[in-house]
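In case you want the letters, here they are:
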Amino acid sequence: MSDQLRIRRDIASMSAYTPTTSLEVFAERLGRGADTLIKLDANENPFGPSPRVHEALAELVHAHIYPDPESGRLRTLLADYCGAPAEQILCGAGADELIELIMQLFIEPGDCIINSPPTFAMYSFNAPLYHARAIDVPRRNDFSLDVESIERAVKQHKPKLVFLCSPNNPSGNLISSAQFDRLLALPTTLVLDEAYIEFAEADSLASQVGTRENLIVLRTLSKWAGLAGLRLGYGIFPPALMPHLWKIKQPYNVNVAADVAGQASLLDIDLLQARVAELVQQRKRLETALAELPFLCPYPSQANFLLCRVQGMPASQLRDQLAQAGIIVRYYDKLSLHDHIRISAGTAPQMDRLLAALANCAPH
Ligand SMILES: *Cc1c(COP(=O)(O)O)cnc(C)c1O
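Residues numbered from 1 in each chain as written. Predicted model: local features only at pLDDT ≥ 70, side-chain atom pairs only at ≥ 80, totals over all residues. Heavy atoms only, no water.

## A few points about the sheet that holds strand 7 (residues 215–220)
In a beta sheet, neighbouring strands pair by backbone hydrogen bonds and run either parallel or antiparallel.
Then, number 1: With mixed pairing, the seven strands of this open sheet are ordered in space as 2-8-7-6-5-3-4. Because the sheet does not close on itself, it has two edges, and the strands there are strand 2 (89–92) and strand 4 (133–136). Across this sheet, the average inter-strand angle for adjacent strands is 25°, counted without regard to direction.
Then, number 2: As judged from the four bridges shared by strand 6 (residues 189–193) and strand 7, these two strands associate in the parallel manner. The partner of V191 across the bridge, within strand 7, is I216.
Then, number 3: Packed on one face of the sheet, helix 5 (residues 95–106) meets strand 2, strand 3 (112–115), strand 5 (161–165), strand 6, strand 7 and strand 8 (233–236) and runs near 155° to strand 7.
Then, number 4: Together, strand 5, strand 6 and strand 7 form the strand contacts of helix 8 (residues 177–184), whose direction differs from that of strand 6 by roughly 150°. (Pairing = 2+ DSSP bridges. Helix = DSSP H or I, 4+ residues; strand = E, 2+ residues; numbered from the N terminus. Axes fitted to C-alpha atoms, helices over the stretch in contact; angles between N-to-C directions. Contact = heavy atoms within 4.5 Å.)

What follows is the structure, encoded as structure tokens:
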């Protein structure tokens, strides 16, 4: 870098991030139309948004006016939906933005966070950008949290934040309430990511924020409400944090399209919940079917996806064979998760095609 372009040295020496591949790029690479592909790699909702969202977007007349910086009407509807007061809710351009906002609020140079891989990559991805050290406390072999080791790490490193995900992405398992009780007693702030809670047979901790002083809960409309492309998430925060979050939030972080789409979704909850129930049904069907294949070992999941260990052949080979059949799944080759794939639950016809393609896949 020249003397005139003096970017941060830690970023200059950072290795590049592998971006996710878009549907269009996959289609081009495989030489087929995007509408013939089944995208099961990012836990998106195959049913798309509620029809009311399409209506609301078609009627959007204020695209030339800045959005409401407080997302007031949306937050009122979210309060009803999640059972926490609107005063404790802050919206963001996806839950991803709120992860960054939390780091901005808490982290000073030299601070650290705790991360329990394998888990959602954004916690450890963002940490160095905000000058935080990410301390990994790996999950156990069955992907349950290693609470004893987290307790020890909190004592030793005094992290500002502990990032937790329940149901966990990519393993799909929950954190138990006994584990939460122990974690909430620690002298640190817990950031609980509930991106998949709508798919789980478990209660959200959203309504406990506030009585539990050190708990932040993150939620999103990307998965259950099918709004991933519009970017809309929210956090439920302890009252003491709210004034400070309002000070640092970008004023127009939630755009007008996301704002009205969120409101329209929350006025059509019955339909969206029926779709969630259908995706849970398909996940259960898939779990049974995959367990019967000699080369796949699915882990129990409470989310809209299944993590599978691949045996008898490289997971990359299975990924490639499925891609040839027009089906895209997520492949893991990291040290913490080697030779695994993650498959999102789709519609019944999509799952029919997946199972037919898997029947043709065999180690060779
Ligand atoms: C998908 C996902 C998110 C991202 O949510 P956005 O609102 O789309 O930013 C957050 N956390 C986890 C665990 C996810 O899998």
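## Things to note about the nonpolar core
Then, number 1: Ranked by size, the top nonpolar core spans 54 residues in total, and within it L164, L183, W224, Y234 and I236 carry the most contacts.
Then, number 2: Considering every element that reaches this core, the biggest residue donor is helix 4 (residues 72–82), with five residues.
Then, number 3: Beyond its immediate chain neighbours, meaning those up to four positions away, L164 contacts Y123, L145, I175, F180, L183, L190, V191, L192 and D193.
Then, number 4: I102, F106, V191 and L218 belong to the second largest nonpolar core, which has 24 residues in total. (Core = buried A, V, L, I, M, F, W, Y, C linked by side-chain atoms within 4.5 Å. Buried < 20%, exposed > 50% of the residue type's maximum accessible area, 1.4 Å probe, protein only.)

## Focus: the site of the ligand
Then, number 1: What surrounds the ligand is a group of 13 residues, the closest being D193, Y196, T220, S222 and K223.
Then, number 2: Side-chain polar atom of T220 to an oxygen atom of the ligand: 2.5 Å apart, as the coordinates give it.
Then, number 3: Bound to the protein, the ligand loses 94% of the 390 Å² it would expose on its own.
Then, number 4: Of the residues contributing to the shell around the ligand, the split by class is five nonpolar, four polar and four charged. (Near = heavy atom within 4 Å. Polar contact = N/O pair within 3.5 Å; in protein donor to acceptor, adjacent residues only side chain to side chain. Areas by Shrake-Rupley, 256 points an atom, 1.4 Å probe, with all protein chains shown as cover. Nonpolar A, V, L, I, M, F, W, Y, C, P; charged D, E, K, R; others polar.)

## Looking at a nonpolar patch on the surface
Then, number 1: The grouping of I7, I11 and M14 at the surface amounts to a nonpolar patch, some 240 Å² of accessible area in total.
Then, number 2: Counting through the fold element by element, M14 comes out in the loop between helix 1 (9–12) and helix 2 (23–30).
Then, number 3: Residue M14 is classed as partly exposed on the basis of its relative accessible area, which comes to 39%. (Patch = residues over 30% accessible without salt bridge, like charges linked within 9 Å, V, L, I, M, F, W, Y side chains within 5 Å. Salt bridge = Lys/Arg side-chain N within 4 Å of Asp/Glu carboxyl O.)

## Observations concerning the packing of helix 4 against helix 10 (residues 256–266)
Then, number 1: Running from amino to carboxyl end, helix 4 crosses helix 10 at an angle of 35°, the nearest separation of the two axes being 9 Å. The interaxial crossing formed by helix 4 with helix 10 has left-handed handedness. Residues R73, L74, L77, L78 and Y81 of helix 4 form the contact with helix 10, whose own contacting residues are D259, G262, Q263 and L266. (Left-handed = near helix turned anticlockwise from the far one by under 90°.)

Everything listed here is a matter of coordinates, which is why it stays silent on function.
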